[in-house]
Amino acid sequence: QVRVVESGGGLVQPGGSLRLSCAGSGFIFNMYAMSWYRQAPGKERELVATVTVTGGRTGGSTGGSTNYADSMKDRFTISRDNAKNTVYLQMNSLKPEDTAMYYCNARSAFLRRDYWGQGTQVTVSS
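Owing to the predicted nature of the structure, the values given are computational and were not obtained by experimental measurement.

Reading the values: the criteria
Residues numbered from 1 in each chain as written. Predicted model: local features only at pLDDT ≥ 70, side-chain atom pairs only at ≥ 80, totals over all residues. Heavy atoms only, no water. Helix = DSSP H or I, 4+ residues; strand = E, 2+ residues; numbered from the N terminus. Rg over C-alpha atoms; globule rule 2.2 N^0.38 Å. Buried < 20%, exposed > 50% of the residue type's maximum accessible area, 1.4 Å probe, protein only. Contact = heavy atoms within 4.5 Å. Areas by Shrake-Rupley, 256 points an atom, 1.4 Å probe, with all protein chains shown as cover. Lys, Arg positive; Asp, Glu negative; His and termini not counted. Charge placed at Lys NZ, Arg CZ, Asp CG, Glu CD. Pairing = 2+ DSSP bridges. Axes fitted to C-alpha atoms, helices over the stretch in contact; angles between N-to-C directions. Disulfide = S-S within 2.5 Å.

Colleague: Would you explain the overall build of the protein chain in this entry?
Modeller: Tallying secondary structure elements over the protein chain gives 0 helices and 11 strands in all. Shown N-terminal to C-terminal, the secondary structure of the protein chain runs as helices and strands in the order β-β-β-β-β-β-β-β-β-β-β. Computed over its C-alpha atoms, the radius of gyration of the protein chain comes to 14 Å, within 12% of the 14 Å expected for a compact globule of 126 residues. Referenced to the eigenvectors of the C-alpha coordinate spread, the extents of the protein chain come out at roughly 45 × 25 × 25 Å. Counting over 126 residues, the protein chain shows a buried share of 40%. Once local pairs closer than 6 in sequence are excluded, the contacts in the protein chain between residues at least 24 apart make up 54%. Taken as a whole, the protein chain presents about 6,800 Å² of accessible surface, with 47% of it coming from carbon and sulfur. Looking at charge distribution, the protein chain has the averaged site of its 14 positive side-chain charges lying 7 Å from that of its 9 negative ones.

Colleague: I'm lost on the sheet that holds strand β1 (residues 3-7) in this one. Help?
Modeller: Overall, antiparallel pairing links the 4 strands, which are arranged β1-β3-β8-β7 in an open sheet. With partners counted over all chains shown, the strands left at the sheet margins are β1 and β7 (76-81), one partner each. Taken over all neighbouring pairs, the strand axes of this sheet differ in orientation by 15° on average, direction set aside. In terms of strand pairing, β7 meets strand β8 (residues 86-91) through 6 bridges, oriented antiparallel. Across the sheet, residue S79 finds its bridge partner in β8, namely Y88.

Colleague: I keep staring at the state of the cysteines and nothing clicks. Help me out?
Modeller: Any covalent bond linking the sulfur atoms of two cysteines counts as a disulfide. Applying the stated criterion across every chain yields a total of 1 disulfide. Across a sulfur-sulfur distance of 2.1 Å, C22 and C104 are joined as a disulfide pair. The chirality of the disulfide connecting C22 with C104 is left-handed, given an S-S dihedral of about -85°. Here C22, found in strand β3 (residues 18-25), pairs with C104, found in strand β9 (residues 100-108); they are 82 residues apart in sequence, far enough to count as distant.

Laid out in structure tokens, this is it:
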């Protein structure tokens, strides 16, 4: 059974930090590009960041290249630990406009598989 489970969301003040975690199971984690998306009320879901598999191959513990949405690349950091089947999103200098449901996605173009988690809520407010 495939599972993608996010955690780490919550309420934080502007300027604060949070680290989101996403644990995958039931699939070969290191064969999947892992991404974080977010969706604010009344808005479309948007890509936050992606970390690819290592050089397009399996193996390695920390994954390959990373890509970010322009508005977040100076504040957010995505990383993966293949030994733990987990991807992280470190979010610093949070702003009220970062308030959204954050979703984890696992995608393999080669296997034609695409898995989503249920999301974790991040609220930035004083």
